[in-house]
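The chain contents come next:
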Amino acid sequence: MQLIDGNAIAESIIEELTKEVGALPGKKPVIAVIRVGEDPASVSYVRKKEKTAARIGIGSRMHILPEDVSKEDLFAQIDALNADPDVNGILIQAPLPNHIDETETFNRVLPGKDVDGFNTINIGKLCQEDSSGFVACTPAGIVQLIERSGIETQGKHVVVLGRSQIVGKPAALLMVRKAVSGNATVTICHSRTQDLPSITRQADVLIAAIGRPNFVTGDMVKEGVAVIDVGINRVVDESRKSGYRLVGDVDFEAVSQKASHITPVPGGVGPMTVAMLMHNTLRAFKASQS
Ligand code: BQF
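All residue numbers here refer to positions counted from 1 along the written sequence of the relevant chain. This being a predicted model, a pLDDT of at least 70 is required before a residue's local features are given, and a value of 80 or more before pairs of side-chain atoms are given or counted; all residues contribute to the totals for chains, interfaces and linings. Here the side-chain values reflect all heavy atoms present in the structure, with hydrogen atoms and water set aside.

Some words on the packing of helix 1 (residues 6-22) against helix 6 (residues 137-148)
Move 1: Throughout, an axis means a line fitted to C-alpha atoms (over the contacting stretch in the case of helices), and angles, computed between N-to-C directions, take values from 0 to 180 degrees. Secondary structure is summarised from DSSP: a helix means a run of H or I of at least four residues, a strand means a run of E of at least two, and numbering begins at the N terminus for each. Contact pair helix 1 / helix 6: the axes reach a minimum separation of 11 Å and the direction vectors enclose 100°. As summarised for this structure, helix 1 and helix 6 are arranged roughly perpendicular, according to the angle between their axes. From helix 1, Gly6, Ile9, Ser12, Ile13 and Glu16 reach across to helix 6, where they touch Gln144, Leu145 and Arg148.
Move 2: We call Asp, Glu, Lys and Arg charged. Ala, Val, Leu, Ile, Met, Phe, Trp, Tyr, Cys and Pro are nonpolar, and the rest, Gly among them, are polar. Considering only residue class, the contact of helix 1 with helix 6 consists of 3 nonpolar, 3 polar and 2 charged. Here the word oblique covers every angle except those under 35 degrees (roughly parallel), over 145 (roughly antiparallel) and from 65 to 115 (roughly perpendicular). Should any heavy atoms of two residues lie within 4.5 Å, those residues are considered in contact.

Some details on the side chain of Ser42
Move 1: Structurally, the position occupied by Ser42 is in helix 2 (residues 40-56).
Move 2: Among the residues examined, Ser42 registers a relative accessible area of 2% and is labelled buried.
Move 3: Discounting residues that sit within four places of it in the chain, Ser42 has contacts with Arg35, Gln93, Ala94 and Pro95. Exposure categories follow from relative accessible area, calculated using a 1.4 Å probe and restricted to protein chains: below 20% of the type maximum is buried, above 50% is exposed, and the middle band is partly exposed.

Remarks on the packing of aromatic side chains
Remark: the centre distance and the inter-plane angle together describe each pair of aromatic rings, the angle taken between the planes.
Move 1: When two rings of Phe, Tyr or Trp (its six-membered ring) have centres within 6.5 Å they constitute a pair, described as stacked for plane angles under 30 degrees, edge-to-face for angles over 60, and tilted for the intermediate range. What the rule picks out here adds up to 1 aromatic pair.
Move 2: When the centroid spacing of 4.9 Å and the interplanar angle of 55° are considered together, the rings of Phe106 and Phe118 count as tilted. Here Phe106, found in helix 4 (residues 102-108), pairs with Phe118, found in the loop between helix 4 and helix 5 (120-127); they are 12 residues apart in sequence, far enough to count as distant. This pair shows no difference in class: Phe106 is buried, exactly as Phe118 is.
Move 3: A cation over an aromatic ring shows up here: Arg234 above the ring of Tyr244, its NZ or CZ 4.0 Å from the ring centre. In this scheme, Lys NZ or Arg CZ marks a charge over a ring once it lies within 6 Å of the ring centre and within 35 degrees of the ring normal.

Points about the packing of helix 6 against helix 7 (residues 168-176)
Move 1: Between helix 6 and helix 7, whose axes approach to 9 Å, the crossing angle comes to 40°. One finds that helix 6 runs oblique with respect to helix 7. Like other packed secondary-structure pairs, helix 6 and helix 7 cross with a definite hand, here right-handed. Facing Pro139, Ala140, Val143 and Ile146 of helix 6, the residues of helix 7 in contact are Pro170, Ala171, Leu174 and Met175.
Move 2: For the contact of helix 6 with helix 7, the class distribution of residues is 8 nonpolar, no polar and no charged. If you view the pair so one helix is near and one far, a crossing is left-handed when the near helix is turned anticlockwise from the far one by less than a right angle, and right-handed when it is turned clockwise.

What about a nonpolar patch on the surface?
Move 1: Like-charged residues are merged into a patch within 9 Å and nonpolar side chains (Val, Leu, Ile, Met, Phe, Trp, Tyr) within 5 Å, provided each residue has over 30% relative accessible area and no salt bridge. Residue exposure ignores everything except the shown protein chains as possible cover, and the areas themselves are Shrake-Rupley values with a 1.4 Å probe. Salt bridges are counted wherever a side-chain nitrogen of Lys or Arg sits within 4 Å of a carboxyl oxygen of Asp or Glu. On the surface, Met1, Leu3 and Phe252 cluster together into a nonpolar patch covering about 290 Å² of accessible area.
Move 2: Within the secondary structure, Phe252 is located in helix 9 (residues 252-255).

Focus on the environment of Ile64
Move 1: Along the chain, Ile64 falls in strand 3 (residues 59-65).
Move 2: For the pair Ile64 and Val33, spaced 31 residues apart in sequence, the C-alpha separation works out to 8.2 Å.

Comments concerning the sheet that holds strand 4 (residues 89-92)
Move 1: A pair of strands is labelled paired if DSSP reports no fewer than 2 bridges between them. A sheet is described by the order of its strands in space; here 3 strands give the open sequence 3-2-4, paired in parallel fashion. Each having just a single partner strand, strand 3 and strand 4 make up the two edges of the open sheet. Averaged over all pairs of adjacent strands, the angle between their axes in this sheet comes to 15°, without regard to strand direction.
Move 2: Packed onto the sheet, helix 3 (residues 71-83) meets strand 2 (30-36), strand 3 and strand 4 and runs at close to 180° relative to strand 2.

Digging into the environment of Val269
Move 1: Among the secondary structure elements, Val269 is positioned in helix 10 (residues 269-289).
Move 2: The class of Val269 is buried, set by a relative accessible area of 3%.
Move 3: Considered as a pair, Val269 and Ile228 are 41 residues apart in the sequence and their alpha carbons are 7.5 Å apart.
Move 4: Apart from the residues within four sequence positions on either side, Val269 is in contact with Thr138, Ile142, Leu145, Ile228, Asp229, Val230 and Thr263.

Honestly, that's just the spatial picture; any functional story needs more than this.
Here is the structure:
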């Protein structure tokens with residue numbers, strides 16, 4: 001069994017980006033981050049992104065808005081960043097408070113600055129296999145993990161567990177693309193799928209993004225499966241200083257005994273999400289310079 005080291009793969013991408021940014025002759029890329037409220041997970045994700053940007057030489061501009069910000073004020077902030085030629089990428093940290101519609105907010109960002117790839121235009125481009133768009137960072141990170149671990153997808157059965165706009169759907173589109181790290185036969189299943197284990201057991205590659213701790217058990221996979229665990233679930237753990245620990249959507253103990261490859265949580269897909277955000281920001285910068 002090969003443990004896929006997402007930290008190490010993310011580090012090598014960060015190194016590649018650092019070299020490229022270091023070699024830029026003039027201006028450096030800049031990402032603007034909007035965080036609404038003080039959700040502890042959002043605070044921690046944003047901090048990780050700022051730190052990683054700083055290491056690479058990407059500038060970041062933080063905009064922290066109160067939990068009860070009006071849609072008008074939030075959109076005015078986005079509009080100002082859209083119009084600012086010094087801002088290359090705009091990130092709106094999810095989750096947003098309930099009174100703000102996420103899709104509408106993501107669509108307010110100019111497609112060329114939508115480094116999260118959440119915008120209708122960028123999702124449409126992914127669907128059309130138009131590589132000029134931005135691909136959402138987590139699915140893009142999954143592709144990198146697969147490529148850099150030598151996992152074959154051509155002609156294989158990739159089962160995606162989860163149908164979210166941000167992970168499941170774009171991951172399925174990437175896997176079915178006419179591309180070396182694509183050309184798969186793809187099945188998307190979800191919480192309403194009948195006899196789910198009979199489908200997951202057919203997977204040569206299983207991408208688990210259903211958002212339930214330890215959901216995929218040993219009897220749900222076949223021998224030799226490659227498993228990408230996208231889940232980041234907080235479960236209570238009194239023995240930890242924080243009072244919780246992170247577990248994936250996959251029962252790692254059991255599934256790792258059958259898998260050819262598996263990603264851990266933490267240290268699997270998570271760090272790749274951040275690395276691909278930086279990759280997209282550099283791309284947005286380069287596009288703005290040409
Ligand atoms: C790790 C995210 C759900 C909802 C909104 C490294 C991250 C996480 C884990 C991280 C995520 C998840 C991010 C690890 C960003 C990934 O070591 O395993 C990094 O920062 N992520 C986010 O911004 O919004 C989310 C998950």
